[in-house]
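# Descriptive analysis of the structure
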Amino acid sequence: MERAIARIDLGAVRANCERLRAELGEARLCAVVKADGYGHGADAVAEAALAGGASSFAVATAGEARLIGRRFQHVPLLTMGALGVEELDMVLAAGSEVAVWGEDFRAVLADRARASGRPARVHLKFDSGMGRLGTFDPDEVLALARACDADPHLKPAGVWTHFATADEPDEDEGYFFEQLDRFEPVAAAVGAEFPGITVHAANSAAVFRSERSHFDMARCGVAIYGLDPFQDDPRSRGLEPALSLRSYVAAVKRFPAGQSAGYGRRWRAAEDTWVGVVPLGYGDGVRRALSGDCDVLVGGRRYPLVGTISMDNLTIDLGSETEVEPGAEAVLIGRQGEEEIRAEEIAARLATINYEVTCGVTARVPRVPGEGR
Ligand SMILES: *Cc1c(COP(=O)(O)O)cnc(C)c1O
């Protein structure tokens with residue numbers, strides 16, 4: 001029996017990509033597989049995304065580019081993040097396309113591309129209001145595109161931006177559409193001078209929010225994993241959660257009233273009860289802040305997590321009578337029988353977002369392909 005596994009339903013990833021492709025119509029799907037595929041295992045997920053109709057990949061870092069670029073040599077790859085010179089060499093060697101938003105970096109890139117022996121494909125980043133990477137100046141975008149075009153070692157391949165509030169339709173007071181209004185003329189100007197350049201803006205939330213954001217391609221991460229971009233029920237949008245976090249009940253013990261469980265004695269049995277010990281803890285990414293505020297599925301039923309979560313173990317209250325036996329499967333995220341605990345539920349309890357929940361499953365937990373049940 002495995003102490004703990006993250007079971008990854010690759011069929012779900014494939015179906016989620018097909019779902020996004022249907023939403024996108026003519027626009028292409030770029031599967032975002034940064035942060036080890038949002039904690040799902042980048043390699044396997046990338047393969048499934050291709051099967052589901054993705055036509056390119058995006059990552060954030062040079063290390064990620066190396067892993068994906070090596071494995072999928074013929075699939076276009078974009079490294080979206082900022083890069084130092086050494087990282088740039090690594091990214092170019094991986095065959096990745098590169099994001100550019102300033103002349104200094106463009107000049108360095110031209111030099112490194114020349115040294116690498118093949119032209120670098122450049123995606124010019126416009127900051128339409130995210131307030132992160134990219135230039136706020138529309139003229140600079142066009143100037144950079146021209147400079148890339150004039151340089152034998154560079155080729156303008158994309159013009160792009162990123163939304164700050166696509167996932168918060170209730171709070172954003174139209175900011176999403178303001179960003180679109182700012183980006184559209186920039187994309188049109190660059191597109192007119194460089195026909196065939198790829199215009200892209202949408203993340204997962206934007207794909208569902210407005211068709212106007214689709215342009216030539218969408219960069220989708222969270223939705224391909226079946227996580228809901230709006231923190232609702234992913235199934236309401238036709239998305240299927242791909243990750244489940246599974247362990248088992250290693251011991252079932254009779255607790256007399258007053259017996260405490262775990263460090264600090266933060267919980268004590270109010271009456272005689274049975275307690276199950278599950279060998280999973282914050283060392284696996286089950287955040288300690290969930291202590292006393294989380295359920296675990298065993299035998300298709302919810303049981304409350306009690307006591308403080310340790311690095312390697314947690315405890316659940318099975319009640320005064322129980323049929324649960326040692327060896328029974330325990331599910332922290334995912335389905336069991338008719339019950340389900342979604343990453344969105346855990347995120348809400350932690351006042352965070354589903355992205356952080358799956359990214360937080362640590363490297364100690366093996367990712368195993370399989371169905372979610
Ligand atoms: C992570 C990221 C995405 C993917 O966003 P999702 O909300 O996961 O779809 C797209 N674009 C950029 C620039 C990103 O950093």
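Residues numbered from 1 in each chain as written. Predicted model: local features only at pLDDT ≥ 70, side-chain atom pairs only at ≥ 80, totals over all residues. Heavy atoms only, no water.

### Some remarks on the side chain of S204
Filter applied, for reference: Each helix corresponds to a stretch of at least 4 residues labelled H or I by DSSP, and each strand to a stretch of at least 2 residues labelled E; elements are numbered beginning at the N terminus. Pairing of N or O atoms within 3.5 Å defines a polar contact, subject to two protein rules: one partner must be a possible hydrogen donor and the other a possible acceptor, and residues neighboring in sequence count only if both atoms are side-chain atoms.
Note on placement: S204 falls in helix α9 (residues 204–209). There is a polar contact of 3.4 Å between the side chain of S204 and the backbone nitrogen of G221.

### Some words on unusual backbone geometry
Rules: Note on classification: 1.4 Å probe, protein chains only; a residue is buried when its accessible area is under 20% of the maximum for its type, exposed when over 50%, partly exposed between these limits.
Here F215, not a glycine, exhibits a phi torsion of approximately 45°, which is positive. Of note in the backbone geometry, R265 takes a positive phi value of approximately 55° without being a glycine. Along the chain, the position of R265 falls in the loop between β11 (251–255) and β12 (273–278). For R265, a relative accessible area of 43% translates into the label partly exposed.

### Looking at the pairing of strand β15 (residues 314–319)
Put simply, the test is: Two strands qualify as a pair provided that DSSP identifies no fewer than 2 bridges between them.
Most of β15 sits inside the fold, with five of its six residues counted as buried. Bridge analysis of β12 against β15 gives five bridges, and the strand direction is antiparallel. When the sheet's bridge partners are listed, G276 is paired in β15 with I316. Of the strand pairs in this sheet, strand β14 (residues 301–306) and β15 are connected by two bridges, and their pairing is antiparallel.

### Describing the site of the ligand
Put simply, the test is: Whether a residue is near a molecule or strand is decided by its heavy atoms; if any one of them lies within 4 Å of it, the residue is near. Only the protein chains shown count as covering a residue, and every accessible area follows the Shrake-Rupley method with a 1.4 Å probe. Cavities and pockets were defined on a 1 Å grid built over protein atoms only: a cavity is a set of grid points that admits a 1.4 Å probe from which the probe cannot escape, a pocket is an open set flanked by protein on both sides within 12 Å along at least five of seven lines, and lining residues are those with an atom within 4 Å of any such point. Think of it this way: a molecule belongs to a cavity or pocket when more than half its atoms come within 2 Å of the grid points there. All residues other than Ala, Val, Leu, Ile, Met, Phe, Trp, Tyr, Cys, Pro, Asp, Glu, Lys and Arg, Gly among them, are scored as polar; the first ten of these are nonpolar and the last four charged.
Contacts to the ligand come from 14 residues, most closely from K34, Y38, S204, V222 and Y355. Contact distances for the ligand include 2.9 Å between a nitrogen atom and a side-chain N or O atom of R219. G221 has a polar backbone atom sitting 2.9 Å from an oxygen atom of the ligand. When the ligand is considered free in solution it has 390 Å² of accessible area, and contact with the protein chains removes 92% of it. One can see that the ligand is located within the largest pocket. Among the residues forming the shell around the ligand, the class breakdown is seven nonpolar, four polar and three charged.

### Quick look at empty space enclosed by the protein
Going by this rule: Grid points are joined across faces, edges and corners, and a volume is the space filled by probe spheres set on the points. In this document the domain limits rely on a domain assignment from an automatic tool or a database.
This structure, assessed with the given rule, holds two cavities of 30 Å³ or more. Residue assignment for the lining of the largest cavity shows that the elements contributing at least two residues are β16 (329–336), β17 (339–341) and α10 (343–349). Taken together, the residues of the lining of the largest cavity break down into nine nonpolar, four polar and three charged. Counting contributing residues, the lining of the largest cavity receives three or more from each of domain 1 (10–227) and domain 2 (243–341). Taken as a whole, the second largest cavity encloses approximately 30 Å³ of empty space. Along the walls of the second largest cavity sit K125, F126, D127, M130, R132, L133, T161 and H162, which together make up its complete lining. Taken together, the residues of the lining of the second largest cavity break down into three nonpolar, two polar and three charged.

### Quick look at the packing of aromatic side chains
Let me state the cut-off plainly: Any pair of Phe, Tyr and Trp rings, taking the six-membered ring for Trp, is counted once the centres come within 6.5 Å. Such a pair is stacked with planes under 30 degrees apart, edge-to-face with planes over 60 apart, and tilted for the rest.
Taken as a whole, this structure holds seven aromatic pairs when the rule is applied. Aromatic pair F183 and F215: ring centres 5.2 Å apart, planes at 85°, arrangement edge-to-face. Pair noted here: F183 is in helix α8 (residues 175–193) and F215 is in the loop between α9 and β9 (217–220), with a separation of 32 residues, a long-range link. Among the aromatic residues, those joined into a ring-pair cluster are Y38, Y225 and Y355.

### Points about helix α6 (residues 103–116)
Helical geometry note: an α-helix holds 3.6 residues per turn, so side chains three or four residues apart project in the same direction. Our working definition: Take the residue count of a helix, subtract one, and multiply by 1.5 Å to get its expected span. By the convention used here, residues are in contact when the closest approach between their heavy atoms is within 4.5 Å.
Between the first and last C-alpha of α6 there are 20 Å, a value that for 14 residues agrees with the 20 Å anticipated at 1.5 Å per step. Looking at the buried side of α6, the elements it contacts are α5 (85–93), β5 (97–100), β6 (120–125), α7 (138–150) and β7 (154–160). Looking one or two places after α6, you find G117, whose phi comes out positive at around 90°.

### Side note on the layout of surface pockets
Estimates place the volume of the largest pocket at around 550 Å³. Taken together, 28 residues make up the lining of the largest pocket; nearest its centre are K34, Y38, R132, H162 and Y355. The biggest single contributor to the lining of the largest pocket is helix α2 (residues 34–38), with three residues. When its residues are assigned to classes, the lining of the largest pocket shows 16 nonpolar, six polar and six charged. The space that makes up the second largest pocket amounts to roughly 270 Å³. Forming the boundary of the second largest pocket are 18 residues, of which L92, A94, G95, S96 and R118 lie nearest the centre. Taken together, the elements giving at least two residues each to the lining of the second largest pocket come down to α5 and β6. Of the residues that constitute the lining of the second largest pocket, the class distribution is nine nonpolar, six polar and three charged.

### Observations concerning the state of the cysteines
Selection criterion: When two cysteine sulfur atoms are found within 2.5 Å, that pair is recorded as a disulfide.
All told, the structure shown has zero disulfides when counted by the stated rule. C294 forms no disulfide, and the closest cysteine sulfur to it belongs to C359, at a distance of 18 Å. The cysteine C359 is free of any disulfide, with C220 supplying the nearest cysteine sulfur at 16 Å. For C359, a relative accessible area of 38% gives the class partly exposed.

### Quick notes on the domain arrangement of the chain
Each domain of the chain was delimited in the assignment, giving domain 1 (10–227) and domain 2 (243–341). Once you take the C-alpha centre of each, domain 1 and domain 2 turn out to be 42 Å apart.

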